[in-house]
Amino acid sequence: QVQLVESGGGLVQAGGSLRLSCTASVSISSYYTMGWYRQPPGKQREFVAVIRSSGSTDYADFVKGRFTISRDNAKNTGYLEMNSLKPEDTAVYYCNLVNTYWGKGTLVTVSS
């Protein structure tokens, strides 16, 4: 069974930074992608970022230049470094492997 656990969420002021972690119970090197999605209050889940086994990355336009996705295969952990946070970034952030296995999410609240 694949289990993913996010951590690092919390309350931060606009303009601040936060680093989210996603630790897997399996070897993440066995999966082509690790991704991050978020769900703002009252809205649909939306794509944030993805990293492939090759190391290539893609980002949603609204986070490009502000967020950085990475993974540490030795630790079976992925990261989402979030900078210049905006109130619109407030959401529950979820990590996944190959858009199939999902964590339970971690809440990020950005105050204005």
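Thresholds applied
- Residues numbered from 1 in each chain as written.
- Predicted model: local features only at pLDDT ≥ 70, side-chain atom pairs only at ≥ 80, totals over all residues.
- Heavy atoms only, no water.
- Core = buried A, V, L, I, M, F, W, Y, C linked by side-chain atoms within 4.5 Å.
- Buried < 20%, exposed > 50% of the residue type's maximum accessible area, 1.4 Å probe, protein only.
- Helix = DSSP H or I, 4+ residues; strand = E, 2+ residues; numbered from the N terminus.
- Contact = heavy atoms within 4.5 Å.
- Phe/Tyr/Trp six-rings, centres within 6.5 Å; stacked < 30°, edge-to-face > 60°.
- Lys NZ or Arg CZ within 6 Å of the ring centre and 35° of its normal.

Novice: Residues and numbers for the nonpolar core, please.
Specialist: Residues W36, V48, F67, L80, M82, Y93 and L97 are the most contacted members of the largest nonpolar core, which totals 29 residues. Only β3 (18–24), β4 (33–39), β5 (46–52), β7 (67–72), β8 (77–82), β9 (91–97) and β11 (106–111) provide two or more residues apiece to this core.

Novice: Can you break down the environment of V12 residue by residue, with the values?
Specialist: Secondary-structure assignment places V12 in strand β2 (residues 10–13). For the pair V12 and T109, spaced 97 residues apart in the sequence, the C-alpha separation amounts to 6.3 Å. Beyond its immediate sequence surroundings of up to four residues, V12 is in contact with S17, L18, L85, T109, V110 and S111.

Novice: Just give me the short version of the packing of aromatic side chains, but keep the residues and values in it.
Specialist: Centre-to-centre distance and the angle between the planes together describe a pair of aromatic rings. Scanning the model with the defined rule gives three aromatic pairs in all. With a centroid separation of 6.0 Å and an interplanar angle of 80°, the aromatic rings of Y31 and Y101 are classed as edge-to-face. Note that Y31 is positioned in the loop between β3 and β4 and Y101 in strand β10 (residues 101–102), a separation of 70 residues in sequence. For Y31, a relative accessible area of 18% translates into the label buried. Y101 sits in the partly exposed class, given a relative accessible area of 30%. An aromatic cluster is present here, built from Y37, F47 and W102 joined pairwise through their rings. The residue whose ring lies beneath R19 is Y79, and the NZ or CZ to ring-centre distance is 3.9 Å. Residue placement shows R45 over the ring face of Y37; its charged tip is 5.2 Å from the ring centre.

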